[in-house]
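Single-letter residue listing:
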Amino acid sequence: MKQLFALLSGLIFGLGLIVSGMANPAKVLNFLDVFGTWDPSLAFVMGGAIAVTAPGFALLFRNRQTPLFDSKFRVPTRTDLEPKLLTGAAIFGIGWGLGGFCPGPALTSLPVAATGTLIFVPFMLIGMWAARHTPDITPNAKGAAS
Amino acid sequence: METEFTPWLSLGGGMMIGASAVLLMATNGRIAGISGLTAKIFTRSSDTEARGVSALFVLGLLLAAPLWLLVSGGWPEQWVPSSPALMALAGLLVGFGASYGNGCTSGHGVCGISRGSARSIVATVTFMVTAFATVFVMRHLIGA
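Residues numbered from 1 in each chain as written. Chains lettered and ligands numbered in written order. Predicted model: local features only at pLDDT ≥ 70, side-chain atom pairs only at ≥ 80, totals over all residues.

A. Region of the structure containing the overall build of chain B. A tally of regular secondary structure across chain B gives 6 helices and 0 strands. Secondary structure elements of chain B occur, N-terminal to C-terminal, as α-α-α-α-α-α. Buried positions account for 54% of the 144 residues belonging to chain B. Excluding contacts between residues fewer than 6 apart, the proportion of contacts in chain B whose partners are at least 24 apart in sequence is 41%. (Helix = DSSP H or I, 4+ residues; strand = E, 2+ residues; numbered from the N terminus. Buried ≥ 20, exposed ≤ 12 C-beta atoms within 10 Å, placed from the backbone. Contact = placed C-beta atoms within 7 Å.)

Next up, the structure:
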């Protein structure tokens, strides 16, 4: 059952990306271009998503100890702001601004098979692999990057 | 290239993304973070059940556009930058940055902010700033 809902969640997520326009890099790049052909639509995507997720998560965590088909909620517990987090986020933003794709929209767009997408996705996977094999730059970090 | 301002469609699509995140958490207890779920598929050390669930979520993502085609009769409208060098570099940076920074637009931007996570709020502000700056440099300084 949990597998079925994982598939369904992915499908709804992908359809949401398409309906919202987020799977279209032209709209993403225009959202990021305040001084040019600005298209503020994507602020509504994030706003709509958080407007559902924030109360949804709050209700869920208040009313249930465990998920419906699993033993526990897997929620990150770290609270420190380490250089690794900020470095990764900064690099991610540069790539997002260059191509107009973040991981969800890129994967959703893969079947459409635009040339740019077919190049982007394999390099994104290589980048993820490289990050897992890059040591943590945080001073006194315990162990390697996980 | 200009794109049309679509507040209602974007809001509706955003709410679908939120519904998906809540559904995955309610049923599987997992954060709908695309970079994390994708990386998990390729991580040998993660348990097989986690890999399976992650793979099915990503399969769902991959089925969205074909379903759209089936129902509407056309692929979703999109324009993708086609320069191979640019898209290769963009892919590398997005993949590396998302994994190194423990999340992307979905994990930090939607789920993290919704949980009130300080790490996610700082990460989201950081990648927004560098993304806005990158587009400014590319379009208005370099003129690409």
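From this point, the discussion proceeds with the structure in view.
B. Structural context of the overall build of chain A. Summing up its helical and strand segments, chain A has 6 helices and 0 strands in all. Written out in order from the N terminus, the α and β elements of chain A read α-α-α-α-α-α. When the backbone C-alpha atoms are referred to their principal axes, chain A occupies close to 45 × 40 × 30 Å. Buried positions account for 49% of the 146 residues belonging to chain A. Within chain A, counting contacts between residues at least 6 apart in sequence, those at least 24 apart form 43% of the total.

C. Up close: the domain arrangement of chain A. All names here are of chain A. In terms of domain boundaries, chain A breaks down into domain 1 (1–75) and domain 2 (80–146). On a C-alpha basis, the centres of domain 1 and domain 2 stand 19 Å from each other. At the interface, 11 residues of domain 1 touch 8 residues of domain 2. Sorting the residues of the side of domain 1 that touches domain 2 by element identifies helix H1 (2–20) and helix H2 (25–31) as the ones contributing at least two each. Of the residues assigned to the side of domain 1 that touches domain 2, the class counts are 10 nonpolar, 1 polar and no charged. (Domains from an automatic or database assignment. Nonpolar A, V, L, I, M, F, W, Y, C, P; charged D, E, K, R; others polar.)

D. Inspection of the environment of Ala-26 of chain B at higher detail. Among the structural elements, Ala-26 of chain B can be located in helix H1 (residues 7–28). Overall, Ala-26 of chain B belongs to the buried group, with 20 C-beta atoms counted inside 10 Å. In this structure, the C-alpha to C-alpha distance between Ala-26 of chain B and Tyr-100 of chain B, residues 74 residues apart in sequence, is 27 Å. If sequence neighbours within four positions are ignored, Ala-26 of chain B has contacts with Leu-60, Pro-67 and Leu-68 of chain A.

E. Main features of the interface of chain A and chain B. At the interface, 108 residues of chain A touch 101 residues of chain B. Of all the elements in the fold, those that place two or more residues in the side of chain A that touches chain B are H1, H2, helix H3 (41–63), helix H4 (83–99), helix H5 (103–109) and helix H6 (115–132) of chain A. Broken down by element, the side of chain A that touches chain B gets its largest block of residues, 18 residues, from H1 of chain A. Partitioning the side of chain A that touches chain B into residue classes produces 66 nonpolar, 32 polar and 10 charged.

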